[in-house]
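A look at the structure
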Amino acid sequence: MGFLSDTQNYGGGVGGKCAVGALRTLVRRKQVDSAHTKPSSSGGSGHHQLAKALTIPHLIAIGVGSTIGAGVYILVGTVAREHSGPALTFSFLIAGIAAALSAFCYAELASRCPSAGSAYHYSYICVGEGVAWLIGWALILEYTIGGSAVARGISPNLAMLFGGPSSLPSFLARQTIPGLGVVVDPCAAILVFAVTGLLCFGIKESTFVQGIVTSANICAMIFVIVAGGYLGFKTGWPGFDSVASTAEEVKNPQRDLPMGIGFALTICCTLYMLVSAVIVGLVPYYAMDPDTPISSAFASHGIKWAAYIITVGACTALCSTLMGSLLPQPRILMAMARDGLLPSFFSDVNKRTQVPIKSTLVTGLLAASLAFFMDVEQLSGMVSVGTLAFTMVAISVLILRYVPPDEVPLPPSFQEAIDSVSARRSMSNSPDDVDIENTKVYAITSDGRAPVLVSKETTIEYPLIEKAAGQLNLLMSVGNRRKIAGWSIAVTCIGVFILTSAASSLSLYSPLRYTLAGVGGVLLLSGLVSLTWIDQDDARHSFGHSGGFICPFVPLLPICCVLINVYLLINLGGATWTRVSIWLAIGAIVYIFYGRRHSSLQDAVYVPAAHVDEIYESSSNSLP
């Protein structure tokens, strides 16, 4: 079990060119950014360092602004009438709890791996390059279509402020192209370009503006809560992926990222619950207007002027959400380009503003084009593919805790240091070269220190020998424990997929459906029990940046998160999955013909993680 054999077994430079090299590329994993390897050191030449400018208030502004869109002004009516009824407030509470499961997982990974890329970055470190590519490709789809859909929704709300649907100036109003039947939206495109320009000024400046816009939205919501609460009391009550992408730009990510995520989630959940409670109290759920529930609720009490305040709130909410949709995508493109999976054009960071301007401009141009030409309503369901990222983040937490990467990729430039450390270790009596089958340990006897040959079958007569033998048994059991943990995670994921598929297939023959659900449930519970019973890997303590947030209730919480998100994914619908599959197939082709060949890990040499610091030290000592 020597050092040299490990490097040869894991070597990517030569082994990657053999027959199984194509499969190895899908599972190769990159290293967590550390003091030895900075983000600026990869991805080619140029300025790749983002500004460390964000604090907790900035993160809250990004999180709240991205989450509370115009949906709170519209969604409450649809949910109350068609789904929850008078239990609307509890529905948002349950949704908030479900979101909290993902938030806990994101908080741990964001504090341990504080680099741009969010779920793509975490998947690359914990799962592998193939899955990471698909996650990054899916996030590109989510943010592009999401931003375009939000932009298309702003112009109707602005028109309401001017007096009606057709009250906008002609150069901003929607127009139909004769002969083509295409409805263009100049207002949406202009807003996208304006937000893109703002994002190019700098992360701190754009976040400050987003904070102002979000504050206006919250003020409108507070008005709804206070004024609606007063009316309800007076009448006797007649009748709830953005933050993590900025991890590299946070001053103190271990402290600020978890707190920013937590506070943003709490504020959003609380506001949704309060607004829904007030509206349900003002108007019976069955009488709510599904399109304008809040405005109609106030109008039913004679306060029609409140519609203007609510419309302003909806406009500011959409603008803030648009900023939240366009902010993460350039950083995901930049992260993928750093890793060589996309052209280096996307990884360039402006020296003055410390923002990936080229990626931001490309993102804005694409989103503006979609918002101008396309009615994205039919494509809006594809935004939910981002749930795939939530699923992989939860799985990454399980991998981090039970089977964290035990080998690290190093560039070929470290080959001399690797050879030096390998030779030094082969000549020394290091713990890795201990013969586990027959090992001499020393016992303190009445005659002094006596070497005793200990093997797996040795009968222990001395306490110290028993302790030493226990350590040897621990060494022998580490490999088995990792195998059991890895298979348990796989079995759990398979069980989740079978269970959720059976639960969603209402047209399936009942006995078969219940049988599949039972099989899936058994596999899920077996994996959960197994992961609960075995110990988590000690290497998790030294994985990534220490001192940050630790996700509680592992493995139960991440598994619940996977279960909920997979269920949501399966229920997206056949038409949505057909479109998503086409997009992912295009991504697979791009990866096969470009990303796989240009990956920064193409010629990497994998070495045991326990030896990395020694290799870096040897490399630094060899420099003139």
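Read on for an overview of the structure. Every chain is numbered independently, its residues counted from 1 as its sequence is written. Reporting in this predicted model follows two pLDDT cut-offs: at least 70 for local features of residues, and 80 or more for side-chain atom pairs to be given and counted; totals over whole chains, interfaces and linings ignore these cut-offs and use all residues. Excluded from the side-chain calculation are hydrogens and water; included are all heavy atoms of the structure.

Regarding the pairing of strand 3 (residues 407-410)
The buried label applies to any residue whose accessible area, calculated with a 1.4 Å probe on protein chains only, is under 20% of its type's maximum; exposed applies above 50%, and partly exposed to all values in between. Going along the chain from the N terminus, every DSSP run of H or I of four or more residues is numbered as a helix, and every run of E of two or more is numbered as a strand. Covered by surrounding structure in strand 3 are Glu407 and Pro409 together with Val408 and Leu410, the residues of both alternating faces. Paired strands, in this sense, are two strands between which DSSP finds at least two bridges. Strand direction decides the pairing type here: strand 3 and strand 6 (residues 605-608), joined by four bridges, are antiparallel. Looking across to strand 6, one finds that proline 409 is bridged to tyrosine 606.

Examining the packing of helix 7 (residues 129-161) against helix 8 (residues 186-201)
Axis definition: a line fitted to C-alpha atoms, over the contacting stretch in the case of helices. Angles run 0 to 180 degrees between N-to-C directions. Between helix 7 and helix 8, the least distance of the axes is 8 Å, while the angle of their chain directions is 115°. As helix 7 packs across helix 8, the resulting crossing turns out to be right-handed. Facing Ala151, Arg152, Ile154, Ser155 and Leu158 of helix 7, the residues of helix 8 in contact are Cys187, Ala188, Leu191 and Val192. When residues are grouped by polarity, Ala, Val, Leu, Ile, Met, Phe, Trp, Tyr, Cys and Pro land in nonpolar, Asp, Glu, Lys and Arg in charged, and all others, Gly among them, in polar. When grouped by side-chain class, the residues that make up the contact of helix 7 with helix 8 number seven nonpolar, one polar and one charged. What makes a crossing left-handed is the near helix being turned counterclockwise from the far one by less than a right angle; a clockwise turn instead makes it right-handed. Here, residues are in contact when the closest pair of their heavy atoms is within 4.5 Å.

Things to note about the side chain of serine 359
Here serine 359 is to be found in helix 14 (residues 357-373). The definition of a polar contact used here is a pair of N or O atoms within 3.5 Å, where within protein one atom must be able to donate a hydrogen and the other to accept one, and adjacent residues in sequence count solely through side-chain atom pairs. Within polar-contact distance, the side chain of serine 359 engages the backbone oxygen of phenylalanine 346 at 2.6 Å. If near-sequence neighbours (up to four positions away) are discounted, serine 359 is found in contact with Pro330, Leu333, Met334 and Phe346.

A closer look at the nonpolar core
Counting residues in hydrophobic clusters, the biggest one holds 99 residues, and the most contacted among them are Tyr106, Tyr122, Val192, Leu322 and Tyr402. Looking at this core element by element, the count peaks at 13 residues for helix 7. Buried Ala, Val, Leu, Ile, Met, Phe, Trp, Tyr and Cys residues that are joined via side-chain atoms within 4.5 Å together make up what is termed a nonpolar core. Within the second largest apolar cluster, 36 residues are counted, among which are Val79, Ala220, Val278 and Val280.

Some points on the packing of aromatic side chains
Each aromatic pair joins two rings of Phe, Tyr and Trp (for Trp, the six-membered one) with centres within 6.5 Å, and gets the label stacked for planes under 30 degrees apart, edge-to-face for over 60, and tilted for any other angle. The tally for this structure, following the rule as stated, stands at 12 aromatic pairs. Summarising the aromatic geometry, the rings of tyrosine 106 and tyrosine 122 are spaced 6.3 Å apart at their centres and angled 75° between planes, so their arrangement reads as edge-to-face. With tyrosine 106 in helix 5 (residues 88-112) and tyrosine 122 in helix 6 (residues 118-126), this pair connects stretches of sequence that are 16 residues apart. The residues tyrosine 106 and tyrosine 122 share a single accessibility class, namely buried. Arranged with centres 5.3 Å apart and planes meeting at 85°, the rings of phenylalanine 345 and phenylalanine 346 form a pair that is edge-to-face. Here the aromatic cluster, defined as three or more aromatic residues joined through ring pairs, consists of Trp133, Trp137, Trp583 and Tyr591.

Without other data, these values stay purely geometric and don't point to any function.
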